[in-house]
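Tertiary structure, described
Spelled out from the first residue to the last, the chains are:
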Amino acid sequence: MKCKVCKATAVVSLPSHNTGFCADCFMSFYERSVERSIRRQKLFTFEDKILIALSGGKDSLACALVLKKLGYNVHGLHIDLAIPDSSAAARGVVERFCDSHDIPLIIKKMEEEGLQIPRVKKVLSRSVCSACGRIKRYFFNKVAIDEGFTVLATGHNLDDEIARLFSNTLRWDIPHLSDQGPLLEAENGFARKVRPLFRLTEFENANYAFLNDLEYHYAPCPYSPGATSTAYKKLWNQLEEEMPGRKLAFYTAFLAHGREPFRQFEKEEGTKPVPCERCGYPTSVGICGVCRTRDAVAADE
Amino acid sequence: MQEDKVVYTKPYGVTVTLQPQNETRTLKARSVRQLLNIIKASPATVLVIRNNELLTSDRKLSHGDEIIVRTVVSSG
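Anyway, here's the lowdown on the structure attached to this text. (Residues numbered from 1 in each chain as written. Chains lettered and ligands numbered in written order. Predicted model: local features only at pLDDT ≥ 70, side-chain atom pairs only at ≥ 80, totals over all residues. Heavy atoms only, no water.)

Some points on the overall build of chain B
For the record, the criterion: Counting from the N terminus, the helices are DSSP H or I runs at least four residues long and the strands are E runs at least two residues long. When accessible area is computed with a 1.4 Å probe and restricted to protein chains, residues below 20% of their type maximum are described as buried, those above 50% as exposed, and intermediate ones as partly exposed. Residue contacts are defined here by distance: any two heavy atoms, one from each residue, within 4.5 Å place the two residues in contact. Only the protein chains shown count as cover for residues, and the accessible areas themselves come from Shrake-Rupley with a 1.4 Å probe.
Each helix and strand in chain B was counted, giving 1 helix and 5 strands. Along chain B, from the amino end to the carboxyl end, the secondary structure elements read β-β-α-β-β-β. Every one of the 76 residues in chain B was classed for burial, and the buried ones make up 43%. Of all intrachain contacts in chain B linking residues separated by at least 6 positions in sequence, the fraction that spans at least 24 positions is 42%. In the form shown here, chain B has an accessible surface area of approximately 5,000 Å², with 47% of it arising from carbon and sulfur atoms.

Describing the packing of helix H5 (residues 129-146) of chain A against helix H11 (residues 289-299) of chain A
Packed helix pairs are characterised by how far apart their axes lie and by the angle those axes make with each other. All names here are of chain A. Our working definition: For every element, the axis is a line fit to its C-alpha atoms; helices are fit only across the contacting stretch, and the angle between N-to-C directions ranges from 0 to 180 degrees. For classification, angles of less than 35 degrees are called roughly parallel, those exceeding 145 degrees roughly antiparallel, those between 65 and 115 degrees roughly perpendicular, and all remaining angles oblique. The handedness criterion is simple: a crossing whose near helix is rotated anticlockwise from the far helix by less than a right angle is left-handed, and one whose near helix is rotated clockwise is right-handed.
Two numbers describe how H5 lies on H11: the axes approach to 10 Å, and their chain directions differ by 120°. With respect to H11, the axis of H5 lies oblique. Seen from above, H5 lies across H11 with left-handed handedness. Across the interface between the two elements, Arg 134, Ile 135, Tyr 138 and Phe 139 of H5 pack against Gly 289, Val 290, Thr 293 and Arg 294 of H11.

Topic: the packing of helix H1 (residues 23-40) of chain A against helix H2 (residues 58-69) of chain A
Residue and element names in this part refer to chain A. Using the following cut-off: For this classification, the nonpolar set comprises Ala, Val, Leu, Ile, Met, Phe, Trp, Tyr, Cys and Pro, the charged set comprises Asp, Glu, Lys and Arg, and every other residue, Gly included, is treated as polar.
Following both chains from N to C, one finds H1 and H2 inclined at 85°, their axes separated by 11 Å at the closest point. As the angle between them shows, H1 and H2 are arranged roughly perpendicular. Where H1 abuts H2, its residues Met 27, Tyr 30, Glu 31, Val 34 and Ile 38 lie against Ala 62, Val 66, Leu 67 and Lys 69. Of the residues that constitute the contact of H1 with H2, the class distribution is 7 nonpolar, no polar and 2 charged.

A short note on the pattern of salt bridges
Residues and elements named next belong to chain A. The condition that has to hold: Any carboxyl oxygen of Asp or Glu that lies within 4 Å of a side-chain nitrogen of Lys or Arg is treated as forming a salt bridge with it.
Applying the stated criterion across every chain, the model contains 22 salt bridges over all chains. Where Asp 179 meets Arg 164, a salt bridge forms, and the shortest distance between an N and an O atom there is 3.5 Å. One end of the pair, Asp 179, is in the loop between helix H7 (174-178) and strand E7 (183-184); the other, Arg 164, is in helix H6 (residues 158-170), with 15 residues separating them in the sequence. Residue classification places Asp 179 among the partly exposed positions, given a relative accessible area of 27%. Residue class for Arg 164 comes out partly exposed when judged on its relative accessible area of 26%. Through salt bridges with shared partners, a single ionic network connects Lys 58, Asp 59, Asp 160, Glu 202 and Lys 233.

So this is what it looks like as C-alpha cells:
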C-alpha cells in the first residue's frame with residue numbers, strides 16, 4: 001500500500017478513510033484531525049490553562065503530546081491508584097513522559113486519600129471499575145477547580161465514546177445521553193471538560209504513540225477482566241471491519257441529531273446537582289459517592 | 001560404528017511475539033494478512049511491528065522475520 005499523499009510505502013492503513021499513510025503524512029493527518037476537532041467544537045483556545053488526565057496509556061499520552069506540539073498550555077495530572085503490579089509502572093511512564101516533554105505534572109496519591117483501589121475493592125460487593133472511575137473523575141475535577149485550570153482534558157477516543165454511547169443507548173439512560181460529547185461546559189461545580197481525541201480511534205492513537213516513540217503502559221489493569229466496555233468495543237470492532245467508517249458516522253450523527261432532545265428533556269425533567277454535605281463536590285443528593293466510599297474503607301480498617 | 005548426525009534448525013516461518021501477553025510463537029505466514037488470519041486478529045486492533053517499523057496488512061513476510069503483534073484495545 002502506498003501513502004495517499006507522498007506515495008511512499010504506507011505504514012498505517014485506515015479503511016474508515018479508505019486510505020493509508022507513511023509515518024510523516026500520518027502524523028500530519030492525526031495532528032490536523034485534532035486541530036480540526038478543537039476548532040469546530042470550540043473546545044479551548046491558546047489562552048486556556050489545560051489540565052490533562054494522564055493514566056500512562058497511549059491515548060492520554062498521545063493527547064498530551066499532540067496538544068503540546070500544537071502549542072497549547074498543558075499540565076498533567078496522574079492519579080496513583082495504588083494497584084499492586086500496575087500503578088507504579090504507570091506512574092513511572094507518566095513521570096518520564098512529562099519530564100522529557102517539559103510538561104508540569106501533578107500526582108495525586110490515593111493511598112494518602114484513604115482510597116487505594118485494592119482497599120476499595122475489598123469493601124465493595126460489585127465490580128470495582130465503576131467506583132475507580134468515579135474516584136478518578138472526582139479528583140480530575142477537584143484538582144482542575146482547586147488549581148485554577150480553565151479546561152480539563154482527557155484522552156478518551158472514538159472507541160471509548162462509542163462504547164459509552166452504545167451502553168447508554170442500550171439502557172436509554174437519558175441523563176448520560178444528555179451530556180455525552182466532546183465538550184461539557186463548566187457548571188454546577190464541574191470544570192469544563194473536553195475530549196480532543198473523540199474523532200480518533202484507539203488504533204490511530206496507538207500508531208501516533210508508536211511513531212512518536214512514546215513509551216506507554218499497555219498492560220491491562222489486573223481488575224479489568226469482564227468490564228462491559230471491553231465487550232462493546234469488541235462488538236463494534238467487528239462491525240467496523242464489515243462496514244468501515246460506521247463508528248464515526250454513528251457518533252457524529254448522535255452529536256448532530258441525537259443529543260439535543262435528550263439534553264432538552266433532562267433540562268426540564270432531570271435533577272440538578274447539589275454540593276456534597278461533606279466535601280462540596282457536586283452530587284445528586286446528600287453525601288457523594290466518593291465520601292461514602294472513603295467512609296466504607298475507613299470503617300473496614 | 002558411526003553416529004547419526006543430528007542437525008537442529010529453527011522451524012520454517014516467522015517468529016511472532018504477542019503483546020501484552022508476551023507469548024512467542026513460530027508461524028508459517030507469507031504476509032501480514034495471513035499472519036493476522038492465523039492468530040485471528042483484526043488489522044484495526046493491533047500494531048504489527050518488524051525491526052521497529054509498522055507494517056500494513058499487504059506487506060510480505062520472510063523466513064526468519066521477528067514480528068511483534070501488539071494489541072491496541074485497552075480494557076476496563
